[in-house]
Amino acid sequence: MAKKESAPNMVERFAEFKELKNIDKTTMISVLEESFRNVLAKMFGTDENLDVIMNPDKGDVQIFQNLEVVPDGEVTDPNLQISLSDAIADQDPDAEIGDEHTREIFFADFGRRAILNLRQTLQSKILDLQKEALYNKFKDLEGELVSGEVYQTWSRETLLLDDDKNELLLPKTESIPNDYFRKGETVRAVVCNVDNKNNNPKITVSRTNNNFLCRLFELEVPEIHDGLINIRGVARIPGKRAKVAVESYDDRIDPVGACVGIKGSRIQGIARELNNESIDVVNFTTNPALYIQRALGSAVKISSIRIDEDEKKAEVFIRPEFIAKAIGVEGQNIKLASMLTGYLIDVYRDTEEAIEEDIYLDEFKDEIDEWVIEALKNIGCMTAKNVLGLPKAEVMERADLEEDTVEHVYSVLEAEFEDPEDQQEEDVDQDA
């Protein structure tokens, strides 16, 4: 009897093992049955006449062999046939020739070698299942944030272990410059690549990937997590500077203010995770000229913008004192603005004469409604002469303004550039 109990006990141990490996119950039962059948088929030459019944609640297995009843002395294959007298002796007194006789067999009776073979077969299948489950789990997590404890660091990569002791590889190329990890330290990153070459899952994580910055914003900014604010674009030079474009689906929410937080509380937390990476948050817009202006930064005063939609290029004319700010340290600002907007931005210096003669539209807020000025800026007109250099019909169409509104704008702007002497002569002519 002791031998017959060894198989159920073995199955129970495997059941406990599968809990640790996160394999679902149905799959585990299927694997157990398949493993038994594979071993039995090698022992009996076939498993077609065997019924393997798994009892997951009890943690045991029952095996039944279906044999054809044949006359005594005519058994040619004992794995498929049984003599009439043996069938009657095996608790089947009503057996007749041609009937199917079913008898229970006990796996443990086949000895230690058979049990060891079963164990090895089952462990191999469970290992394959575990690798497949690991691959599928992390494949679904690509682009998502994960945490891991530093286990070992080499010159080219760092090995992290997550809470389930799964191995995560953080290559040096995916680390932020100046990242320094100590053994046992918890590190956050995003899953950037998962492959399963030769059924050997390899999970690569990244801290330089744009998704890493997006996931950090989701953690720090509840409005983004709740879907009230959407991140429309990200551009990064990891460890140095980043630009993020956001928009709000609720007019009552200022997306930039929400992301920055009170006294910069939210953005500072993100920057610290990124080794004090400087982060600019701008309002997204579908208007390319305005988007480029915002991407370059509010501190950069732009005179005009010429956009080539076909080539995805933008020529930005800027006053000389703002050129350095537009380009930024090591060209970072203009590079990130180009990455964020998708336009190759070239900066040009405005001539001194043009600066002296021209006037920014913001100077006319006392005479022109602010929403009209914004509409003109949206089509790349930052100064009075930008507007006056365009036909009225084009301004009406591109800025979506009424004819009388455009007429008023032109009259205000033209009056600013009228020669006082010409105006005086005009007044004299009218008096005459």
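Report follows, based on the coordinates. (Residues numbered from 1 in each chain as written. Predicted model: local features only at pLDDT ≥ 70, side-chain atom pairs only at ≥ 80, totals over all residues. Heavy atoms only, no water.)

Burial runs high along strand β11 (residues 241–248): seven of the eight residues are buried. Relative to β11, strand β10 (residues 229–237) runs antiparallel, the two being bridged by eight bridges. If you follow arginine 236 over to β11, its bridge partner there is alanine 242. Connecting β10 to the next strand, β11, in antiparallel fashion are three residues, including glycine 239 with a positive phi near 85 degrees. (Buried < 20%, exposed > 50% of the residue type's maximum accessible area, 1.4 Å probe, protein only. Helix = DSSP H or I, 4+ residues; strand = E, 2+ residues; numbered from the N terminus. Pairing = 2+ DSSP bridges.)

Right, let's talk about the sheet that holds β11 for a bit. Strand order in this open sheet of three strands is β10-β11-β12, and the pairing throughout is mixed. Where the open sheet ends on each side, the last strands, each with one partner, are β10 and β12 (278–283). Averaged over neighbouring strand pairs, the angle between their axes works out to 20 degrees when direction is ignored. Relative to the sheet, helix α5 (residues 210–220) contacts β10, β11 and β12, its axis offset from that of β10 by approximately 135 degrees. (Axes fitted to C-alpha atoms, helices over the stretch in contact; angles between N-to-C directions. Contact = heavy atoms within 4.5 Å.)

Turning our eyes to something else, we now look at the pattern of salt bridges. Note that side chains of opposite charge can pair when their charged atoms are close. For the structure on display, the rule yields 24 salt bridges. A salt bridge links aspartate 362 to lysine 377; the shortest N-O distance between them is 2.8 Å. One end of the pair, aspartate 362, is in the loop between α12 (352–357) and α13 (370–378); the other, lysine 377, is in helix α13, and 15 residues separate them in sequence. As a salt-bridge pair, glutamate 394 and arginine 398 come within 3.0 Å of each other at their nearest N and O atoms. Of the two residues, glutamate 394 and arginine 398 both sit in helix α15 (residues 392–399), four residues apart, roughly one turn of that helix. (Salt bridge = Lys/Arg side-chain N within 4 Å of Asp/Glu carboxyl O.)

Right, let's get into unusual backbone geometry. Of note, lysine 312 is a non-glycine position whose phi angle comes to about 55 degrees, a positive value. Structurally, the position occupied by lysine 312 is in the loop between β13 (302–308) and β14 (313–318). Overall, lysine 312 belongs to the partly exposed group, its relative accessible area being 38%.

Once that is clear, we can look at the sheet that holds strand β15 (residues 344–349). Read across the open sheet, the three strands follow the order β13-β14-β15; overall the sheet is mixed. Since the sheet does not close on itself, it has two edges, and those belong to β13 and β15, each with one partner. The sheet shows a mean angle of 20 degrees between the axes of neighbouring strands, taken without regard to direction. With six bridges connecting them, β14 and β15 associate as parallel partners. Bridged to isoleucine 318 within β15 is arginine 349. This element, helix α9 (residues 288–296), spans β13, β14 and β15 of the sheet and lies at about 125 degrees to β13.

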